[in-house]
Amino acid sequence: MKSIIKGLLGVSVLAMAGGVASAATLEDVKSRGMLKCGVSQGLPGFSNPDSGGNWSGLDVDLCKGIAAAIFGDASKVEYVPLSAKERFTALQSGEVDLLSRNTTWTMSRDTQLGLYFSVVNYYDGQGFMVRNDMGITSALQLSGAAICTNTGTTTELNVADYFRANNMDYELVAFEKADEVVAAYDAGRCDVYTTDQSGIYAQRLKLTNPDDHKVLPEVISKEPLGPAVRQGDDVWANIVKWTHFAMLQAEESGVTQANVDEMKGSEDPTIKRLLGSEGEFGTPLGLSNDWAYQIIKAVGNYGETFARNVGPDTELKIARGQNALWTNGGLQYAPPIR
Amino acid sequence: MAVTTAGGESAPKVALLNDPKIRAWIVQIVLLVALVWLAWVGIQNMFDNLRAANISSGFGFLSRNAGFAISQSLIEYEQGTSTYGRVFIVGLLNTLLVAVVGIVIATILGFVVGIARLSNNWVIARLATVYVETLRNIPLLLQIFVWYFAVLRFLPDRRDSLSLGFLGQLNISGWYAPKPIYTDGIYVVLAALLIAIVGIVILARWARKRQEATGERFPVFRTAVAAIILLPLIGYFIGGMPLSFEYPTQGNFGPRGGARVYPEFIGLLLALSTYTGAFIAEIVRAGILGVNKGQTEASYALGLRPGHTLRLVIVPQALRIIIPPLTSQYLNLTKNSSLAVAIAYPDLVSVFAGTALNQTGQAVEILLMTMLTYLTLSLLISAFMNWYNAKMALVER
């Protein structure tokens, strides 16, 4: 019901307001003094509120980084929790400035929904979780299984493709909110829980006995997760894109949250350009020239936020894998700042 | 221009604009034009904005294939080859199913509890009060969660099904009922059933007329039961035993096959019918209390037993009070069924205004269709209840 209301809100906004997607998101954000960031309703490691209502996670750090770049203050973010189903309408109708909500970049979303994806802040793939005592070792043994998942995601389509391709049947039990998916799986309604692998590791923590469940080795899809903005506002899209790149470049150049002040005096021209002591890179974006310094000061480089939110020392224990820098054989690569 | 009244006398001449009739018409027309224009501009503006924001629009998506699965479907649905149009039908049928069954159960429950609240038996009356006051004062969404997860907790594990003998198996994934498999001979059985029903109706009319005329009674109920069992049974043998049952078999993950009743359906149905039942109980109680006590006393004085008094004297009069608010409850139940989305029951809102909306991104079209569908459903229910209300109205002889 809530989503219908949100949808309607979107519809009426689209009907009434002329040009919500106008090219002035940065101006709007500045005059509001707040960045409105669409996040998940609670996914540990990516966007999750603690008991005090403070959000943390990899996706949240991107919001904080953008706020720091604009205001020099990472706390100027208003987090708008959105279900998978509500998220695109919320962005289209201008309810949020940016969607940083473990959202898969697909062609139809990029071309038919009026959205614009530009960077991937987490390379993921869809996986399956089952109970240990079922003796399942491969996803190919899942014919006839009941599968719990979220509605309104690419997950539903991937499962459909995978089972069809392998001539297997299954029963889909799709809930709107992730918490109900976990509760139903935990209660034994389903044999399998499926979503992006990062999500599986995160949701496993919510189960009664996380150690009784395992993640199957198969990864059945490409899930490039990244922030999305509305089409037609290139300046704003650039700010989002380059916030991510600045965090990558910082990691590549060894600039961390702890040493960023010290690094300001570095003689390395790459670092000088990144931190704004040489050249003009922030002002053309409509930001101050030390935009990247503010980002790193606030949330650290990409490697740091990865380690802090999802890395091996966190409960999620996710290895860098494909999300390592290109210099370490991963896929994370930032174009040069020059 | 002269305006003549019915009497033929010529009225005082007035300017066209000052004629109240014509002026009223002009005002109406101007208002209508303004409304249509406003709606047109709104819709036009919406589509312009959609186009400007690069969001696809139109209804072409209805014939595109939907690549996702739906657990419960009353019609054939194949992921990947069935269209979004079919997703709409599947969702609509699931909504109708839970609404119709829910209305039936809620009505029965409501009448039983409503009457129980007026019972002279202290325990029964108190229990009914507790039921009504508890259920109608807790938000429905919470009740749906409670029922659903209670159903889940109550049922055995998927691979540890409870055998119900010839009724199939029961576990956390629902009831695996035997699935009827029939051959062409089934039409003989159906025809026999139809004959039985028509026969009973005719018999009941004849019996009532005869009783009114002569006072002689005919055991209609017993005859009806016998006919409705025996005739189809005879048809069954004549048709060459066309009906058999497919029982669920054991698969890797619990039973497979058979006819499925999903726990999502059970949970939602229980929640909707007990919740609405509580409201109906109050309506029934109000209806009965609205019938003058003198009617009961007169009925007792005539020597009718309490059961007969209730059935023949009180309820027919109470129904006239009950039906209009009952209609609202039926509408509420139907609309509340959209809360199904919370517990994975694939109703219209869940699969069409949910999954399909998200996969196609066409929020405007899909929400419009969904709203129009609910509007149509509600109007149909209203129309039916109004007809029934008119039929039940006091007939003065």
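Quantities reported herein were computed from a predicted structural model and do not represent experimental measurements.

About the criteria used
- Residues numbered from 1 in each chain as written.
- Chains lettered and ligands numbered in written order.
- Predicted model: local features only at pLDDT ≥ 70, side-chain atom pairs only at ≥ 80, totals over all residues.
- Core = buried A, V, L, I, M, F, W, Y, C linked by C-beta atoms within 7 Å.
- Buried ≥ 20, exposed ≤ 12 C-beta atoms within 10 Å, placed from the backbone.
- Helix = DSSP H or I, 4+ residues; strand = E, 2+ residues; numbered from the N terminus.
- Contact = placed C-beta atoms within 7 Å.
- Domains from an automatic or database assignment.
- Nonpolar A, V, L, I, M, F, W, Y, C, P; charged D, E, K, R; others polar.
- Axes fitted to C-alpha atoms, helices over the stretch in contact; angles between N-to-C directions.
- Parallel < 35°, antiparallel > 145°, perpendicular 65-115°, else oblique.
- Left-handed = near helix turned anticlockwise from the far one by under 90°.
- Pairing = 2+ DSSP bridges.

Before going further, it helps to examine the nonpolar core. Generally speaking, soluble globular proteins have nonpolar side chains that are buried together. In terms of nonpolar packing, the biggest core is built from 166 residues, with Ile66, Ile147, Ala184 and Ile295 of chain A together with Leu268 of chain B touching the most fellow members. Per-element tally for this core: the top contributor is helix α7 (residues 263-289) of chain B, with 13 residues. Non-local contacts of Ile147 of chain A, meaning those with residues more than four positions away in its chain, are made with Val159, Tyr170, Glu171, Leu172, Val173, Cys190, Val192 and Thr194 of chain A.

Right, let's get into the domain arrangement of chain A. You'll often see interface size given as the accessible area lost when the parts meet. Residue and element names in this part refer to chain A. One can read the domain layout of chain A as domain 1 (2-15 + 22-123 + 225-322) and domain 2 (126-221). Between the C-alpha centres of domain 1 and domain 2 the distance comes to 29 Å. Counting from both sides, the interface comprises 17 residues of domain 1 and, opposite them, 14 residues of domain 2. Class assignment of the residues belonging to the side of domain 1 that touches domain 2 gives a composition of eight nonpolar, seven polar and two charged.

With that out of the way, let us pick up the packing of α7 of chain B against helix α9 (residues 306-336) of chain B. All names here are of chain B. Their axes nearest at 8 Å, the elements α7 and α9 cross at an angle of 155°. With respect to α9, the element α7 is oriented roughly antiparallel. In this structure, the crossing between α7 and α9 has a hand that is right-handed. Facing α7, whose interface residues are Leu272, Thr276, Phe279, Ile280, Ile283, Val284, Ala286, Gly287 and Ile288, α9 presents Ile314, Ala318, Leu319, Ile321, Ile322, Pro325, Leu326, Gln329, Asn332, Leu333 and Asn336.

Right, let's talk about the sheet that holds strand β3 (residues 174-177) of chain B for a bit. An order of β1-β2-β3-β8 (chain B) is seen for the four strands of this open sheet, with the pairing classed as antiparallel. With one partner strand each, in any of the chains shown, β1 (162-163) and β8 (259-261) of chain B form the two edges of the open sheet.

All names here are of chain B. Mapped onto the secondary structure, Pro255 falls in strand β7 (residues 254-256). Looking at Pro255, the number of C-beta atoms within 10 Å reads 24, which means it is buried. Ignoring sequence-local partners within four residues, the contact set of Pro255 consists of Ser161, Gln169, Tyr176, Pro248, Thr249 and Gln250.

Residues and elements named next belong to chain A. One non-glycine residue, Asn102, adopts positive backbone phi at about 25°. Positionally, Asn102 belongs in the loop between β5 (98-99) and α5 (107-112). The phi angle at Lys317 is positive, at roughly 55°, despite the residue not being glycine. You can see Lys317 is positioned in the segment after α13 (302-309). Residue Lys317 is classed as exposed on the basis of its C-beta count, with 11 C-beta atoms lying within 10 Å.

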